[in-house]
Every structure is written in C-alpha cells, then in structure tokens.
Amino acid sequence: MPCISFSSNHRQTMYKIIISYIIASAIALGLLNQAVNKAQEDIETLAGVLMHHSDTLEDHRGVLLQMIDDLTIKPM
C-alpha cells in the first residue's frame, strides 16, 4: 500500500483550516449559549407574569363568587 505524504505547504493549509473551524465553532457555541441564557431569562419573566395573572384571575373569581352569593335569594 502506498503511503500518502503531504507537503509542508499542504499540511500548513490543513492546520489553518482546522484552527479556523475550531475558532468558528467556539464562537458559534458562545453565541448559542448567549441565546439560550436570554431565552431562559425571557421564560422566567413570562412565568412570573403568568403567575401574577393567575393570582389576579383567582382574586376576580373569588369576588364574582361572593357577588353571586350576595345576590342569591337565601331561603329563610
């Protein structure tokens, strides 16, 4: 089987390509991490808003039930 040998110039080019790929991958992972962190913050904010709305609706429900109870004619 013939042994494949690369020239020094070809080897340098391959190293540059590999290093460029590693750098590009690291940058992409950093950007992805930032996006995930931002999405997590947005989800936590949304969860807080939804909990507040849930509490408000529960309060309104209680008031409406009390009004219905007050308006209902109670047998003596």
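The following refers to the structure shown. These numbers come from a predicted model, not from an experiment.

Thresholds, definitions, all that
Residues numbered from 1 in each chain as written. Predicted model: local features only at pLDDT ≥ 70, side-chain atom pairs only at ≥ 80, totals over all residues. Heavy atoms only, no water. Helix = DSSP H or I, 4+ residues; strand = E, 2+ residues; numbered from the N terminus. Rg over C-alpha atoms; globule rule 2.2 N^0.38 Å. Buried < 20%, exposed > 50% of the residue type's maximum accessible area, 1.4 Å probe, protein only. Areas by Shrake-Rupley, 256 points an atom, 1.4 Å probe, with all protein chains shown as cover. Patch = residues over 30% accessible without salt bridge, like charges linked within 9 Å, V, L, I, M, F, W, Y side chains within 5 Å. Salt bridge = Lys/Arg side-chain N within 4 Å of Asp/Glu carboxyl O.

### What to know about the overall build of the protein chain
A count of helical and extended segments in the protein chain gives 1 helix and 0 strands. For 76 residues, the compact-globule estimate of 2.2 N^0.38 gives 11 Å, and the C-alpha radius of gyration of the protein chain, at 32 Å, exceeds that figure by more than 25%. Along the three orthogonal principal directions, the C-alpha set of the protein chain runs to about 105 × 25 × 10 Å. Out of the 76 residues in the protein chain, the part that is buried amounts to 0%. Summing over all exposed atoms, the protein chain offers an accessible surface of approximately 7,400 Å²; the carbon and sulfur share of this is 69%.

### Brief notes about a nonpolar patch on the surface
There is a patch of nonpolar side chains on the surface, built from Tyr15, Ile18, Ile19, Tyr21, Ile22, Ile23, Ile27 and Leu31 and spanning about 870 Å² of accessible area. Turning to its location among the elements, Ile27 is positioned in helix 1 (residues 8-71).

### Quick word on the environment of Leu57
With respect to the helices and strands, the residue Leu57 is situated in helix 1. In this structure the C-alpha to C-alpha distance between Leu57 and Asn9, which are 48 residues apart in sequence, comes to 71 Å.

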